Amino acid sequence: MRDAISLVHALRDPASSATLDGAGWTQLIASARAEQLAGTLADRVRGVVKPRHADHLLDAAYASAEQGRVQALWEAEMARRALAPLGLPVVLLKGTAYVAAGLAAGRGRSIGDLDILVPRDRIDEVERALLAAGWEWVKPDPYDDAYYRQWMHELPPLIHRERDRMIDVHHTVLPLTARITPDAGAMLSDAVGLRDGLAVLSGDDMICHSAAHLFADGDLAGGLRNLWDLHCLFAEVATPALWERARMHGLEVAVARAWRLAGALYAPTRAPAQAGAQSRRRTARNPGLPPAREHGHMPDRLYRRRLLARDGWGRATRPVTRFAFFVRSHWLRMPPAMLARHLFTKWRKGHRASG
Amino acid sequence: MKHVHHVQIGPASFRIGSDWRAPIAQIADLYRDYPAPIDGVCDYTVRLFAARPWRRWVRPAITLGGDFTLPDAVPMPLDWGVLAAEMAMNLQLALGERRYLLLHASAVEREGRALLMTGLSGAGKSTLAALLATRGWRLMGDEFALVDPATGLAHAFPRLVSLKNESVGVMAQAVPDARFGPLLTGTPKGDLRHLVPDLPAIVRMAEPARPALVLYPRFGFAAAERTVPPSEGFVRLTQASTNYTALGERGFDALIRLVRDVPALAIDYPDTDAALAQVERLWAAL
């Protein structure tokens, strides 16, 4: 397999994987591991007829994700305890939020760091409380540290040495230098409390946040998994107010793109060639159609090309496309003069570009 | 990838791909008596590749890749292809394995019962296991013992035995007819040579064994032995396991069962003959 379309097919239409032989499963699982989708794949293809050994492998991948879920929830609980004296709700983001809220996006999902959102004007207190509870700085470089503090939407990452787990404390949604400025205050005030004293974003804000990180910020690394999250969220938590909310956050373009691409790649009701929001099935919580798009088909094709750049050996492919998206992610994050200054500093300090 | 070999080693199967022909040819030859993966499905993918396209030909250097990788892998000379493949396979297991509790230990079996030997690098666990295999024991592996949390049984992982420095000569003398890989000099671990396990080890690799004794050997000291209590064994084995935490409660239960049910001894030995005599005596006294 030369790109990840087989993985996408298996997630969209699990029954289609019943035709795979041993070599096909080996390739599918290798690409799923590389895209951090092995547990999700295991969940999707459960019950599909396959070689017995493939079942063993996928069972192990799901068990591993389950263990990750337990660990992520424990880490969230640790953060809640550390921040409880401040009287703040700990608003969970991304993977931890999906499993804490019991959403479909969390099934089999691999979860890395703990991401939380706190009010920007309380950030110093939060930092002190976490340091007092055993978290430590990861980045010793003063430039990186100062850069984070001045420009980023989060504190420099902290790690808990005993548990070896990282926490990302966000105070806004996108970097302060980004051209789009979603309303983090509105997200916080509309957050939904969970039984155990933790909170998650409202369904529409979850979608906005996820789409912001996928399309308005990142270089689309891990994009297939993030798009799978969005696909699940659209089906499960979106409300008819989604588009208005996205417009308010300045994320209309990102959310609409997520809607189109998630539909094109993962919606099971139609073939990928006939992509288009119009045929998407309406459900009770359906947010309706996205606003008319202001771009032609071309940009979506490029995104699709980037999202699928993974072969059956788990290797990253299409280096030119990848590099273009890498450059784009920096372009979106900073104004040109600042980007030039940043790159010059990094280059002078001997940092190498990833790749 | 251009050059590929598939192999089943104990319960784990590998797909090894390479940008170069030589490492795959060597691996395919050394593993020629091993079966192909069950069902054709491979647990792990290993990639031996050139980090930059020109490094395929100009000062060729092998970078290790696979399903599970560590950052900052240092490339190796092309001549060390077998070592690269072995390291990459071990790494897949160490980072990715979730079905079995993985113990960094050598293992041998007799009459359905397993002897596990674990200790720091240089403690002699590989050499002892390889030598015991010349004296009526079945070699289960020199690097990892795989303990099934459901049954408590140890599963074999009889990959190539990795001999270092003096043990290269010791084994060449002990089993002159065995098959060896190329002698690799100047590796980070010194001189290194791979030994193909004997046929019984390969033919019977799917047979698990019940752990009957755990030994913590230490080379270079006057002969001595002492009982290791379960509490100490638990701590030592958590450190010897690469996936203990990742398995969560299953790992904890498997380890508790092992240290509670299986006697454990720390042994010091001055030379291999003394160690072999010690092992036989302790085994007979079980």
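The coordinates are above.
To start, this report covers the structure provided alongside it. (Residues numbered from 1 in each chain as written. Chains lettered and ligands numbered in written order. Predicted model: local features only at pLDDT ≥ 70, side-chain atom pairs only at ≥ 80, totals over all residues. Heavy atoms only, no water.)

So, the overall build of chain B
And then number 1: Secondary structure summary: chain B contains 9 helices and 17 strands in total.
And then number 2: On C-alpha atoms alone, chain B measures out to a radius of gyration of 19 Å, which is about the 19 Å that the 2.2 N^0.38 rule sets for 286 residues.
And then number 3: Its C-alpha atoms put chain B at 60 × 45 × 35 Å along the principal axes.
And then number 4: Within the span of chain B, comprising 286 residues, buried residues form 55% of the whole. (Helix = DSSP H or I, 4+ residues; strand = E, 2+ residues; numbered from the N terminus. Rg over C-alpha atoms; globule rule 2.2 N^0.38 Å. Buried < 20%, exposed > 50% of the residue type's maximum accessible area, 1.4 Å probe, protein only.)

Some thoughts on a nonpolar patch on the surface
And then number 1: Together, B:Trp54, B:Trp57 and B:Val58 line one region of the surface with nonpolar side chains, adding up to about 420 Å² of accessible area.
And then number 2: Note that B:Trp54 resides in the loop between strand S3 (44-49) and strand S4 (61-66). (Patch = residues over 30% accessible without salt bridge, like charges linked within 9 Å, V, L, I, M, F, W, Y side chains within 5 Å. Areas by Shrake-Rupley, 256 points an atom, 1.4 Å probe, with all protein chains shown as cover. Salt bridge = Lys/Arg side-chain N within 4 Å of Asp/Glu carboxyl O.)

Side note on the sheet that holds strand S15 (residues 210-219) of chain B
Residue and element names in this part refer to chain B.
And then number 1: Strand order in the open sheet formed by 6 strands is S9-S7-S8-S15-S17-S16, with mixed pairing between adjacent strands. At either end of the open sheet lies a strand with only one pairing partner, and these are strand S9 (138-141) and strand S16 (224-227). Averaged over all adjacent pairs, the angle separating strand axes in this sheet is 25°, with direction ignored.
And then number 2: Inspection of the sheet shows S16 paired to strand S17 (residues 264-269) by 4 bridges, in the antiparallel sense. (Pairing = 2+ DSSP bridges. Axes fitted to C-alpha atoms, helices over the stretch in contact; angles between N-to-C directions.)

Concerning the packing of helix H6 (residues 230-240) of chain B against helix H8 (residues 249-261) of chain B
Residues and elements named next belong to chain B.
And then number 1: At a minimum axis distance of 9 Å, the contact between H6 and H8 shows a crossing angle of 135°. Considering the angle they form, H6 stands oblique to H8. For the crossing formed where H6 meets H8, the hand is right-handed. Packed against H6, whose contacting residues are Pro230, Gly233, Phe234, Leu237 and Thr238, the element H8 presents Phe252, Leu255, Ile256, Leu258 and Val259 at the interface. (Parallel < 35°, antiparallel > 145°, perpendicular 65-115°, else oblique. Left-handed = near helix turned anticlockwise from the far one by under 90°. Contact = heavy atoms within 4.5 Å.)

Notes on unusual backbone geometry
Residues other than glycine predominantly adopt negative phi, and peptide bonds predominantly adopt the trans conformation.
And then number 1: In the Ramachandran plot, A:Arg318 falls in the positive-phi region, its phi being about 55° despite a non-glycine side chain.
And then number 2: Tracing the backbone through its elements, the reader meets A:Arg318 in the loop between helix H13 (298-307) and helix H14 (319-333).
And then number 3: A positive phi angle is found at B:Asn165, which is not glycine, with a value near 50°.
And then number 4: Here B:Asn165 shows up in the loop between strand S12 (161-164) and helix H4 (166-174).

Details of the packing of aromatic side chains
All names here are of chain B.
And then number 1: Summed over all chains, the structure comprises 15 aromatic pairs over all chains.
And then number 2: For the ring pair phenylalanine 144 and phenylalanine 157, a centre distance of 6.4 Å and an interplane angle of 45° mean the geometry is tilted. Taken as a pair, phenylalanine 144 in strand S10 (residues 144-147) and phenylalanine 157 in the loop between strand S11 (154-155) and S12 lie far apart in primary sequence, 13 residues in all.
And then number 3: Taking the relative accessible area as the measure of exposure, phenylalanine 144 reaches 3% and is therefore buried.
And then number 4: One aromatic cluster in this structure is built from Phe14, Tyr44, Phe68, Phe144 and Phe157. (Phe/Tyr/Trp six-rings, centres within 6.5 Å; stacked < 30°, edge-to-face > 60°.)

Remarks on the layout of surface pockets
Residue and element names in this part refer to chain B.
And then number 1: In this structure, the second largest pocket encloses a volume near 680 Å³.
And then number 2: Contributing to the lining of the second largest pocket are 27 residues, with Leu64, Met76, Met87, Leu91 and Lys189 lying nearest its centre.
And then number 3: For the lining of the second largest pocket, the secondary structure elements donating two or more residues are helix H2 (81-96), S12 and strand S14 (190-195).
And then number 4: Counting residues per element, the lining of the second largest pocket draws most heavily on H2, at 7 residues.
And then number 5: Among the residues forming the lining of the second largest pocket, the class breakdown is 15 nonpolar, 7 polar and 5 charged. (1 Å grid on protein atoms, 1.4 Å probe; cavity = no way out; pocket = protein on both sides within 12 Å on 5 of 7 lines; lining within 4 Å. Points joined across faces, edges and corners; volume = space filled by probe spheres on them. Nonpolar A, V, L, I, M, F, W, Y, C, P; charged D, E, K, R; others polar.)

A short note on the environment of B:Ala133
All names here are of chain B.
And then number 1: Mapped onto the fold, alanine 133 is located in the loop between helix H3 (125-132) and S9.
And then number 2: Its relative accessible area of 14% is what places alanine 133 among the buried residues.
And then number 3: Separated by 67 residues in the primary sequence, alanine 133 and proline 200 place their C-alpha atoms 9.5 Å from one another.
And then number 4: Those residues in contact with alanine 133 that lie beyond four places of it in its chain are Leu139 and Asp198.

Some details on helix H6 (residues 123-132) of chain A
One full turn of an α-helix is made of 3.6 residues, so residues set three or four places apart face in the same direction.
Residue and element names in this part refer to chain A.
And then number 1: Of all the residues in H6, the buried ones are Ile123, Val126, Glu127, Ala129 and Leu130. The buried side chains of H6 occupy one side of the element, clustering within an arc of 165° when seen end-on. Those residues of H6 that are exposed and angled more than 90 degrees off the buried face are Arg128 and Ala132.
And then number 2: Those residues of H6 hidden inside the fold are in contact with helix H4 (52-83), strand S3 (135-137), helix H7 (142-151), strand S4 (158-160) and strand S5 (165-170).
And then number 3: Of the residues trailing H6, glycine 134 is marked for its positive phi of about 110°. (Arc of directions from axis to C-beta.)

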